[in-house]
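Descriptive analysis of the structure
Next come the chains, spelled out residue by residue.
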Amino acid sequence: MTFLVEHPQDAKSILSRVILANRARTAAKAAREAVVRKGALEGGGLPGKLADCSSKDPSISELYIVEGDSAGGPAKQGRDRHIQAVFPLRGKPINAEKYRLDKVLSNEEMANLIKALGCGVGDMFDIKKLRYNTIVLMADADVDGAHINTLMLTMFYRYLKPIIENGYLYIAQPPLYKVTFGANESYWVKDDEQLQKLLTENKNKKPNIQRFKGLGEMNAEQLWETTMNPETRTLKQVVIEDAEEADKMFDILMGSNVPPRKKFIQANSREADLDI
Amino acid sequence: MIEEETKLNKKASVGEDIVNELKKSYINYAMSVIVSRALPDVRDGLKPVQRRILYTMHRMNIGPSSQYKKVARIVGEVMGKYHPHGDASISDALVRMGQDFNMRYTLIDGQGNYGSIDGDPPAAMRYIEARLDKYGAKMLEELDKKTVDFIPNYDGNEEEPVVLPTVLPTLLLNGSEGIAVGMATKIPPHNLTEVMNALIKMIEAGNEWDFVDIEKVDYSNAVKTVSDIENLPKNRFHKFETSLSVSEIMSEIKGPDFPTGGTIYDQKEIMKVYETGKGRVVMRGTSKIEEHKNGRMRIIITDLPYQVNKANLIAKIAMLYKDKKIDGISDLRDESNSREGIRIVIELKREAKPKTVQNQLYKFTELQKTFNANMLALVDGDPKLLNIKQILQLFISHRQEIVIRRNEFELGKLREREHILEGLMIALDNIDEIIQTIRSSKDAETAKLALITKFKLTEIQAQAILDMQLRKLAALERQKIEEEYKQVLKSIKETLELLSSPDKILNVIKNEFEEIKNKFGDERKTKFVKGGVGEISEEDLIPNEETIVTISKNGYIKRVKHDALSAQKRGGVGKKAMTTKENDEVRHVFTCSTHDEILFFSNKGKVYSLKVHEIPEYSRTAKGIPVINLINIEQDELITSILTRSKEGGIIDEDISQEGETLSEKQGIEYKYLIMATKFGVVKKTELSHFDNIRSNGLIAISLDDNDELVWVKPSTGNDHVIIVTRNAKSIHFRETDVRETGRTARGVRGIRLKKDDEVISMDIVRKNEDFMLTVSEKGFGKLTTLNNYTIQNRGGSGIFAAKINNKTGKLVVARILDHPHKELLILSAKGQAVRIATDDLPIQGRQTSGVRLMRVKDDDVVATVAIV
């Protein structure tokens, strides 16, 4: 004690080592618990929110992570329950760039997601235990959906990177427009090209074009047809082309330092696709 | 691996780089929040959700004089028609516009529980009701005169205004607050009268804008009907620029005016906010000190700074009381109610100092709070940081557009009426033929066509004639039409004149501002104080008390409470505080005030400072803590000399303190310099003011030669004498004026020329010539010598003997000036032996003598130090 009091500089360096070690320990512990805690919960340790698929074969199993309030229900109703599991997210996920692993895992949503994935996290991560080889982010095409996508990408990039590296992470491509002719005839349109085609085909009818906003605007069958059916859907696979660039971008956009983010926003504001 | 996987997975038709995906999603998210969620438009000061609520209420006709309508109903309408987001966020936004503690001028008139300043939530939206307040309704006037653009809503079935025409500069009146992405806004509310006065003043000073990039419109031809307005060029509106400076604007707008009252401080800081759009405004709630009947004092808080939650404030005061951070509170009550307003009563204990408690409340609670202004708003859809001048200019520009558009609309209406009246007059001139024509027509359509061809009428005119009532045929009615026609022509002429004159338009705007001011203007609620609030320094929170500070040889420091009984001479206290610990002994003891500052001079020639109250207080027997924990000295650096400095700048050195003068005795002396001396005999004189601001990592007080150490630092008046004594009993006495004044980091000059193996053991300032020099040698011999025995020499010489030393006496250990007689000496040996001798018992001898044995020192022991007690 006396030594520490008389040598504050030494005391400081000793304590910072201790704190660092403690942090590492809590992170490891949290990671361990995220996996070990299994059994304690119902249904073989899987979180109650997960609507699992019946297949146990990761190579054909798919996990849809959906923005809870609007799309969880229809996704569960519309899915192919043999191979498609649905995990509804409630609210906005925690920003993994700003917090250490133990804090991220103390967020129930994230802990549940890790459990659902089955592969563990941190020191306990084991890609072989991953229960789904297709993980699809499915969020609304509005402001909050865009935000949730950035937050989920951050989580996967920072703590579950091998999933991206193995090409297991996808982003769903729900239709962009809903085009209605008259009272009964309506189409979901995936892109501008298709929209033009549809409009020229139906020149003599008056179209009502609606920029598509939420997954909740579709009922279960429509969601299946447009977005989830493996035969007809389009998925966007997330790949890391330049890890260094990716690191930098996550730091700028999701980190705690504001000025670079502001600069990025100012420089790119014209490219934005606004949700008004 | 990745490619292989991609091939395997036929489901994925596109691969997207994570960086692109992240960037795209992020920019969409960020810009949507910035443009259509969190930031207000500079023109009407509203965020989209607020604008949509007000517009919806306008459409639902829920004006200030209509019945209240359920908030749930309004929210449903807003959500379904214009705002496809959560109902809670709409209802929250609506309620906030009706809270008089958040809005300086409430836009919504609420009925029911709209929440309180205590942070109580409003009732659910199915209970509460709302209608537009007069201010809200005012913002929407002129909306139906095509004054603003409308855009389709989210599903294209409705239209909504992009901005409200508002004649009220709501952005400044109510302020705004929002956190977007990568940026945020925080604009304080203002007083309507003041803002209006500023706007009027700006208009009176004239428009400095040079009318570039606008297209002139010849209204006499361009607008024949209301629908013609849509074909007018988009860039026909004037902007506004003023020559007034921010300080000229500030002669009208003193500063923010918060709905909760209170006081704001510091014109300079407010000016910074207004000039740059960014800055801090210090706000204080109102509190007064009141004497209660029983003679006790109490503090009454009657209003709070903006956005301070009263319940939290009270909880915080209670917590500070519990943690003993605020002393002297005996009771705390919230007596607020809606009729008498806020009233928090803090009863004080009898012994409490009300001003100190009040300062503590300001310092530790939100009774004082800063408003961190960051005036960001959307200008043409882009977020911009704006100063007050820009905000006002943009508002006048907005009003110019609105007034022009309103008059264009009116012109269109007048033109349409003119057209119809002309038709009617033709009809009345030829009334018989007209009637004949109509009667002979098969149906209305034929009649119309016949009228058009026969009388060269337009379809509109023909229709108007067909719609004409028979009573118009009366003679007086015809006169009325003619009069109306004349009136319409006159109005058209006026409107055309107005539209062609930017000055006239500004005049209209000015008159409207005057009208608004007279109708809605009110007194400022927040008091404005020109000066700064003054940092509440620690001193304001800590009672100024006498205290004793001790520092041990090993560098342990502590502060001991000055016993109420021992408010006598310091020497006496010094003795009691001297309970030393094992292997350590007290080196420095001095009495000072908790508001004083201690200057620590180290052997490495640096000086550090510390407020006395920052030294932890310990019991008399405690060891204290190493001073290295309090000041930034290095681990091998030693504190060799100490001075205290009072708040007023008065310097006291340790000896003065030890010899038992009271503070007041010494404070009269104006010290100008510090005299320093090193082990190697270097002296230096530096002006005291160089040490006014001492950085936390210390200042260089003297540049030292290798191995030399700074040991003595004394204050001097500029006319004092200096005596230096060495271990080999040499001494030199010279005038302070002999030492040239040097800068802070200088090395200094030679004070005494040392022989080999000699070093300085003392440097002292002679204050009175009749004082004595006390010398004590290693083996315990000592004496007093009157100072006039030490002749004055030039500095830098080898000096003269101060004592006779030999093997029996050993070398000198102590030499110090004793300017206060009738004291006791405590002589301590290196091995812990101690002897006490009254100074009156010391022999007074000449310089060249050895003195008498004051202490019998063992062969392997030597005198270590002498303390005067």
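The model shown is predicted, which means the values in this text are computed figures rather than measured ones.

A few words on a negative patch on the surface. Residue and element names in this part refer to chain B. Taken together, the side chains of Glu-208, Asp-210, Asp-213 and Glu-241 make up a negatively charged region of the molecular surface. By the secondary structure assignment, Glu-241 is in the loop between helix 9 (219–222) and helix 10 (246–250). Judged by relative accessible area, Glu-241 falls into the partly exposed class, the value being 35%.

The subject of this paragraph is the domain arrangement of chain A. Examined at the domain level, chain A breaks down into domain 1 (33–173 + 234–257) and domain 2 (177–211). Taking the mean C-alpha position of each, domain 1 of chain A and domain 2 of chain A sit 34 Å from one another.

Residue and element names in this part refer to chain A. For helix 5 (residues 108–117), the buried fraction is high: nine of the 10 residues fall into the buried class. Listing the buried residues of helix 5 in full gives Glu-109, Met-110, Ala-111, Asn-112, Leu-113, Ile-114, Lys-115, Ala-116 and Leu-117. Where helix 5 begins, one side-chain oxygen reaches toward the backbone nitrogen of Glu-109, 3.0 Å away; that side chain belongs to Asn-107. Following helix 5 by one or two positions, Gly-118 adopts a phi angle in the positive range, close to 80 degrees.

Our next topic: the packing of aromatic side chains. All names here are of chain B. Applying the stated criterion to the full structure yields 12 aromatic pairs over all chains. Relative to Phe-691, the ring of Phe-601 lies with its centre 6.3 Å away and its plane at 70 degrees, an arrangement referred to as edge-to-face. With a gap of 90 residues between them, Phe-601 in strand 22 (residues 597–602) and Phe-691 in the loop between strand 28 (682–687) and strand 29 (699–700) connect regions that are remote in the sequence. The pair Phe-601 / Phe-691 is uniform in exposure class, with both members buried. Cluster of aromatic residues (ring-pair linked, three or more members): Tyr-55, Tyr-82 and Phe-150. The lysine or arginine in question, Lys-186, covers the ring of Phe-371, its NZ or CZ lying 4.8 Å from the ring centre.

In this section: the interface of chain A and chain B. Each partner contributes to the interface: chain A provides 54 residues, whereas chain B provides 44 residues. Summing both partners gives a buried area of about 4,700 Å² for chain A against chain B, and 62% of it is carried by carbon and sulfur. Summed over the shared surface of chain A and chain B, the number is four salt bridges. A salt bridge links Lys-236 of chain A to Glu-21 of chain B, with the nearest nitrogen and oxygen atoms 2.8 Å apart. For the pair chain A and chain B, the interface holds 10 residue pairs in polar contact (both at pLDDT 80 or more). Among the secondary structure elements, those contributing two or more residues to the side of chain A that touches chain B are helix 1 (2–6), helix 2 (8–36), helix 6 (143–159), helix 7 (161–165), strand 4 (169–172), strand 8 (235–239), helix 10 (243–254) and helix 11 (258–268) of chain A. Residues belonging to the side of chain A that touches chain B are distributed by class as follows: 25 nonpolar, 12 polar and 17 charged.

Rules used in this analysis
Residues numbered from 1 in each chain as written. Chains lettered and ligands numbered in written order. Predicted model: local features only at pLDDT ≥ 70, side-chain atom pairs only at ≥ 80, totals over all residues. Heavy atoms only, no water. Patch = residues over 30% accessible without salt bridge, like charges linked within 9 Å, V, L, I, M, F, W, Y side chains within 5 Å. Areas by Shrake-Rupley, 256 points an atom, 1.4 Å probe, with all protein chains shown as cover. Salt bridge = Lys/Arg side-chain N within 4 Å of Asp/Glu carboxyl O. Lys, Arg positive; Asp, Glu negative; His and termini not counted. Charge placed at Lys NZ, Arg CZ, Asp CG, Glu CD. Helix = DSSP H or I, 4+ residues; strand = E, 2+ residues; numbered from the N terminus. Buried < 20%, exposed > 50% of the residue type's maximum accessible area, 1.4 Å probe, protein only. Domains from an automatic or database assignment. Polar contact = N/O pair within 3.5 Å; in protein donor to acceptor, adjacent residues only side chain to side chain. Phe/Tyr/Trp six-rings, centres within 6.5 Å; stacked < 30°, edge-to-face > 60°. Lys NZ or Arg CZ within 6 Å of the ring centre and 35° of its normal. Contact = heavy atoms within 4.5 Å. Buried area = accessible area lost by both parts, 1.4 Å probe. Nonpolar A, V, L, I, M, F, W, Y, C, P; charged D, E, K, R; others polar.

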